[in-house]
Amino acid sequence: MKELSIAEVLAEVAVLVKPHFGKGRTADYIPSLASVPGTKFGMAVRTVAGEEHVIGDADEGFSVQSITKVFALGLALNRIGDEVWTRVGKEPSGTPFNHLSLLEAEKGVPRNPFINAGALAITDVLLDVSPDPAGLVRDFAGFLADEPVEIDATVAASELANAWQNRAIASLMRGQGTITHEPEAVVAAYCRQCALTMSCRQLARAFLPLAAGGFSPVAQETIFHERLTRRLNALLLTCGIYDSVGNFAYRVGLPSKSGVGGGIVAVIPGKATVAVWSPELDRFGTSVVGTAALEAFSQITNCSVL
Ligand code: GLN
């Protein structure tokens, strides 16, 4: 059988995902995300070799939310190295991304850097480096994407006005000594970081170092050591999709990170990155259509790492 080109695969995926629209719901606990049309769908592939292919709304910016946690972790690891692991663990949590239960039982040390507690601890680390950690994350993401990206102040304010769960998490951690700055400052910086707007094309470019042994073919610079790159991919594979990470690995088989804006970025080590966006979420906060798209892509191209 003739091998399909990437453009042909994307066209096939866009058809295959059609029955999955309407099955999920846009995030409504951040009010300004609730109004994003559920019909949106974009996908971008960027190869290590330099090919770039997109389909649908791949150039439309959306709220990347928890996907920013990968940039923040990368910055923290580059700044303070393994000391990060005294603040957060490396285990999947098996509980929803904003839960407090394990945190209390485990003395304020979050299971991993991608659940909210872990990301708040990383924000706390970055607050030692800059009064505006979200600005650091924005500039890093823009550098990796090779074009400026912006924080949506409306989305940030909308989340902050409703961030009671994250305030509770930050307060608990402040009490346990695992964050050192004022909880309100940490939560505000975190909400601002999550409100970063990027497109699928930009995300696929920005994640490329994770597919290219740490080197960014876009920025033409080594971003992470090779070993750190492998480790970041291991964390994505085990913790990137919260409490549905097992099912996601079963279906897609790629290190990936999701966000409640409906974006998912997947890494095909050595080969490419794939970013997808569709705002309707499953009950775990991951895009329904996005997951179906990555599953189809992984099956058609046989690119699963597992
Ligand atoms: N800002 C969101 C929150 O804290 C991010 C969650 C996500 O994308 N999974 O709830």
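Criteria and thresholds
Residues numbered from 1 in each chain as written. Predicted model: local features only at pLDDT ≥ 70, side-chain atom pairs only at ≥ 80, totals over all residues. Heavy atoms only, no water. Pairing = 2+ DSSP bridges. Helix = DSSP H or I, 4+ residues; strand = E, 2+ residues; numbered from the N terminus. 1 Å grid on protein atoms, 1.4 Å probe; cavity = no way out; pocket = protein on both sides within 12 Å on 5 of 7 lines; lining within 4 Å. Points joined across faces, edges and corners; volume = space filled by probe spheres on them. Nonpolar A, V, L, I, M, F, W, Y, C, P; charged D, E, K, R; others polar. Expected span 1.5 Å × (residues − 1). Buried < 20%, exposed > 50% of the residue type's maximum accessible area, 1.4 Å probe, protein only. Contact = heavy atoms within 4.5 Å. Polar contact = N/O pair within 3.5 Å; in protein donor to acceptor, adjacent residues only side chain to side chain.

Engineer: Even after reading the chapter, I still don't get the sheet that holds strand β4 (residues 150–151), so can you show me in this structure?
Structural biologist: Through backbone hydrogen bonds, the strands of a sheet pair up, either in parallel or in antiparallel fashion. On the basis of which strands lie adjacent, the open sheet formed by three strands has the order β3-β5-β4 and antiparallel pairing. What marks the edges here is a single partner per strand, and that holds for β3 (62–63) and β4. With two bridges joining them, β4 and strand β5 (residues 196–198) adopt antiparallel strand pairing. Residue Ile-151 lies in a different strand from β5, and its bridge partner there is Leu-196.

Engineer: What exactly am I supposed to notice about empty space enclosed by the protein here?
Structural biologist: Take a probe with the size of a water molecule and roll it over the atoms, and the empty space left behind shows itself. Applying the stated criterion across every chain yields a total of three cavities of 30 Å³ or more. Of the voids in this model, the largest cavity is the one considered here, and its volume is about 90 Å³. Lining the largest cavity are 15 residues, and of these Thr-95, His-99, Leu-102, Leu-103 and Ile-115 sit closest to its centre. Mapped by element, the contributors of at least two residues to the lining of the largest cavity are α4 (101–105) and α5 (116–127). Here the lining of the largest cavity is built from residues that sort into eight nonpolar, five polar and two charged.

Engineer: Would you mind showing me how to read helix α14 (residues 288–301) here?
Structural biologist: In an α-helix, one turn spans 3.6 residues; hence positions three or four apart end up facing the same way. Taking 1.5 Å of rise per residue, 14 residues should cover 20 Å, and α14 covers 20 Å from first to last C-alpha, within 8% of that figure. Across the 14 residues of α14, ten count as buried, placing the element largely inside the fold. All of the buried residues along α14 are Val-288, Val-289, Gly-290, Thr-291, Ala-292, Ala-293, Leu-294, Ala-296, Phe-297 and Ser-298. Where the residues of α14 are buried, they touch α1 (6–16), β1 (42–47), α13 (245–251), β9 (263–268) and β10 (272–277). Two to three positions downstream of the cap, the backbone nitrogen of Gly-290 sits 2.8 Å from a side-chain oxygen, assigning the N-cap of α14 to Ser-287. Looking one or two places after α14, you find Asn-302, whose phi comes out positive at around 60°.

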